[in-house]
Amino acid sequence: MGILHESIQSLHKKLIKREMTSTDIVKATFDRIHEVDDRIQAFLTLNEEKAYQEAAKWDQKYASKENLGLLAGLPIGIKDNIITKNLRTTCASKILYNFDPIYNATVMEKLNTAGMITVGKINMDEFAMGSSNENSAFKPVHNPWNLDYVPGGSSGGSAAAVAAGEVLYALGSDTGGSIRQPASYCGVVGLKPTYGRISRFGLVAFASSLDQIGPITKTVEDNAYLLEVLAGVDPMDCTSANLPVPKYFESLNKGVKGLRIAVPKEYLGEGVLPEVRESILEALKIYEKMGAIWEEVSLPHSKYALSTYYLLSSSEASANLSRFDGVRYGYRSKDSDNLMEMYKNTRAEGFGDEVKRRIMLGTFALSSGYYDAYYKKAQKVRTLIKQDFEKVFEQFDVIIGPTAPTPAFQIGENTSDPMTMYANDILTIPVSLAGVPAISIPCGFMNHLPLGLQIIGKHFDEAMVYRVAYAFEQATDYHKAQPKL
Amino acid sequence: MSRISIEQVKHVANLSRLAVTEQEALQFQKQLDAIITYAQQLNELDTENVEPTTHVLDMKNVWREDVAGKGLPIKEVLKNAPDHEDGQIRVPAIIE
């Protein structure tokens, strides 16, 4: 399992020097998947045969000394809500159990061009709705640090697969914390970029004003390399930002001397466990030693973020998920007498309870007589939440706090009450509503379960987020810890 | 007092094109009521003069040339359809 703990730079050098082949790396990946995935359950579909063919192709190119990019011949796992041509894409839902896409998401085209090899599609909460991966229609994912615990969600499969050494890198998606919270629970690095930084074309839409694809990796450096390939404007997604993509790697090493860190008191207050708070205060000491300055600030509307988020994201979801009707693709209920019955039965049988709940909440919030009281009200509060961040960023370079108020919880612990499950995301949701970038990096352990440090930046300032994250990573060893499997 | 009644849940389920049993309607009523009741906290805030945010970035209309692109081949379009015949997707009766 040695290969699967090396950095992108190191693997690329070995590939160039022919000390290692892409086939070796792909084989190590599948060996590890076959060894541990019956316990982790991170993968829904494997792409084994094609992955080996791709690897052989890249090995030939390396052998003929072609000038290849850093990612050529390296394997990656893809969250199953990202459309992959001719590779089953289910969103972990029964309603798409047999969906075989006829096109690629823009991020897949970019990864393919860069030479990355898709090893398989990764488990998630159905349609990315959930914080524990227990909402997968097929099987729950288990946390590699303790198999009785959840990996977080909704990109829990992606975070667990990277943490378990099943794959070097994975793509996730984040709507209210779905990359950062599982990265925190599994002790890996997960970035939610600025809204608009990465094209959403081919990401099965949940809440279009919030959804973002992002990379999950073992280290900040690898994460930065991946973002550089994934980012950029796309004619197929008119919300993608037409801005230059920096060479993130070049600014990683600039240090944090003189940087100004804001620490929101709401992120260390009620609901956040003392051990989690302690780990953040320890991290701040490390930053102080490296020459950064931190100050307590307030994001006064934080406590309204959860309500705002569930109203807005569910409203958007109710519209986005109307396309699953059993007509053009996916599951169709048998034996319906007429079209309306077929729609209703297909959706009743095809969607899980959490998805139905959110579709219904969204439909309610958008329905005549309730629109102003719920949907429009939430949009206005979103403005206040966004302004909280803007005010702080007038005086500070980054905002730091925990990614989640607790470490991972036990499988089955929070399934009976949706509201307790939603509370896991209180520290990631405000960031999503503001559309700013944020990363979760490992910053400690509690009861042998990882804790995550959340670093939040200004719009399109992922370079600063990475730089601050990298400084902490270089000063600590948390990212080197491995779960015993 | 409930913020959403069983009848409203059934109405919303119908709008959402979801078949629900009595049992499910009862369960969703409780859960949706809890979420909607929690969301009443937003009424603590005076938002009279606040503009709604639909989109976080200061982005206006994005224009492109109106040029027809290439369509998809029928075979590809039908590949995932649960039921099709003679190059068309077949569904149950729409009108009696």
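Look above for the structure.
Rules of the game
Residues numbered from 1 in each chain as written. Chains lettered and ligands numbered in written order. Predicted model: local features only at pLDDT ≥ 70, side-chain atom pairs only at ≥ 80, totals over all residues. Heavy atoms only, no water. Helix = DSSP H or I, 4+ residues; strand = E, 2+ residues; numbered from the N terminus. Rg over C-alpha atoms; globule rule 2.2 N^0.38 Å. Buried < 20%, exposed > 50% of the residue type's maximum accessible area, 1.4 Å probe, protein only. Contact = heavy atoms within 4.5 Å. Areas by Shrake-Rupley, 256 points an atom, 1.4 Å probe, with all protein chains shown as cover. Lys, Arg positive; Asp, Glu negative; His and termini not counted. Charge placed at Lys NZ, Arg CZ, Asp CG, Glu CD. Phe/Tyr/Trp six-rings, centres within 6.5 Å; stacked < 30°, edge-to-face > 60°. Lys NZ or Arg CZ within 6 Å of the ring centre and 35° of its normal. Polar contact = N/O pair within 3.5 Å; in protein donor to acceptor, adjacent residues only side chain to side chain. Expected span 1.5 Å × (residues − 1). Arc of directions from axis to C-beta. Salt bridge = Lys/Arg side-chain N within 4 Å of Asp/Glu carboxyl O. Nonpolar A, V, L, I, M, F, W, Y, C, P; charged D, E, K, R; others polar.

## A few points about the overall build of chain A
When its secondary structure is counted, chain A shows 16 helices and 11 strands. Computed over C-alpha atoms, the radius of gyration of chain A comes to 21 Å, within 12% of the 23 Å expected from 2.2 N^0.38 for 485 residues, which places it in the range of a compact globule. Projected onto its principal axes, the C-alpha positions of chain A cover 65 × 55 × 45 Å. Here chain A holds 485 residues, and the buried ones make up 67% of them. At a minimum sequence separation of 6, the contacts of chain A that also span at least 24 residues come to 75%. Counting every atom, chain A has about 16100 Å² of accessible surface; 50% of that belongs to carbon and sulfur.

## Brief notes about the overall build of chain B
The number of helices and strands found in chain B is 3 helices and 2 strands. Once the C-alpha set of chain B is aligned to its principal axes, its extents read approximately 55 × 45 × 25 Å. In chain B, which comprises 96 residues, the share counted as buried stands at 30%. As displayed, chain B offers around 7000 Å² of accessible surface, 51% of which is attributable to carbon and sulfur atoms. Computed over 10 positive and 16 negative side-chain charges, the separation of the two mean positions in chain B equals 8 Å.

## A look at the environment of Lys 94 of chain A
Residues and elements named next belong to chain A. The residue Lys 94 is located in the loop between strand E2 (75-79) and helix H4 (106-114) in this model. Taking relative accessible area as the criterion, Lys 94 reaches 37% and is therefore assigned partly exposed. Separated by 176 residues in sequence, Lys 94 and Glu 270 place their C-alpha atoms 38 Å apart. Those residues in contact with Lys 94, other than ones at most four positions away along the chain, are Ala 137, Phe 138, Tyr 331, Glu 349 and Gly 350.

## A few points about the packing of aromatic side chains
All names here are of chain A. The final tally for this structure, using the stated rule, is 20 aromatic pairs over all chains. Linked through ring pairs, Phe 99, Phe 127, Phe 324, Tyr 329 and Phe 351 together constitute an aromatic cluster. The lysine or arginine in question, Lys 61, covers the ring of Trp 58, its NZ or CZ lying 5.3 Å from the ring centre. A cation sits over an aromatic face here: Arg 88 above Phe 138, 5.9 Å from the ring centre.

## Concerning the side chain of Thr 363 of chain A
Position of Thr 363 of chain A among the secondary structure elements: in helix H12 (residues 353-366). On the basis of relative accessible area, Thr 363 of chain A is assigned to the buried category, the value being 12%. Within polar-contact distance, the side chain of Thr 363 of chain A engages the side chain of Ser 16 of chain B at 3.0 Å. Residues in contact with Thr 363 of chain A, not counting those within four places in the same chain, are Ser 318 of chain A together with Val 12, Leu 15 and Ser 16 of chain B.

## Topic: helix H9 (residues 274-289) of chain A
Residue and element names in this part refer to chain A. Compared with the 22 Å implied by 1.5 Å per residue over 16 residues, the 23 Å span of H9 between its first and last C-alpha is a close match. What H9 keeps buried is the set Val 276, Ser 279, Ile 280, Ala 283, Leu 284 and Tyr 287. Taken around the axis of H9, the buried residues stretch over an arc of 140°, which confines them to a single face. Exposed residues pointing more than 90 degrees away from the buried face of H9 are listed as Pro 274 and Lys 289. Tucked inside the fold, the buried residues of H9 contact strand E7 (260-264), strand E8 (293-297), strand E9 (398-402), strand E10 (438-446), strand E11 (449-456) and helix H16 (462-475).

## What to know about the interface of chain B and chain A
Taken together, the contact pairs 53 residues of chain B with 66 residues of chain A. Summed over the shared surface of chain B and chain A, the result is 2 salt bridges. With a closest N to O distance of 3.8 Å, Lys 303 of chain A and Glu 44 of chain B form a salt bridge. In this structure, the connection of chain B to chain A is made through 24 residue pairs in polar contact (both at pLDDT 80 or more). Counting residues per element, the ones that place at least two in the side of chain B that touches chain A are helix H1 (6-15) and helix H2 (22-38) of chain B. Split by residue class, the side of chain B that touches chain A holds 29 nonpolar, 13 polar and 11 charged.

## Quick word on the environment of Ala 241 of chain A
Mapping Ala 241 of chain A onto the fold places it in the loop between helix H7 (220-230) and helix H8 (248-251). Residue classification places Ala 241 of chain A among the buried residues on the basis of a relative accessible area of 7%. Counting along the chain gives 219 residues from Ala 241 of chain A to Phe 460 of chain A, while the straight-line C-alpha distance between them is 9.2 Å. Once residues within four sequence positions are removed from consideration, Ala 241 of chain A is found in contact with Gly 196, Gly 232, Val 233 and Phe 460 of chain A together with Met 59 of chain B.

## Digging into H12 of chain A
All names here are of chain A. In this model H12 runs 20 Å from its N-terminal to its C-terminal C-alpha over 14 residues, within 8% of the 20 Å that 1.5 Å per residue would give. Counted residue by residue, H12 has 12 buried out of 14 residues, so it is predominantly covered. Burial in H12 covers these residues: Glu 354, Val 355, Lys 356, Arg 357, Arg 358, Ile 359, Met 360, Leu 361, Gly 362, Thr 363, Phe 364 and Ala 365.

## Focus on the environment of Ser 154 of chain A
All names here are of chain A. Relative to the elements of secondary structure, Ser 154 occurs in the loop between strand E3 (117-122) and helix H5 (156-163). Relative accessible area serves as the criterion here: at 0%, Ser 154 is assigned to the buried category. For the pair formed by Ser 154 and Ile 179, sequence separation is 25 residues and the distance between their alpha carbons is 7.2 Å. Leave out the neighbours within four places in its chain, and Ser 154 touches Lys 79, Asn 123, Met 124, Asp 125, Ala 128, Met 129, Gly 130, Asn 133, Ser 173 and Ser 178.

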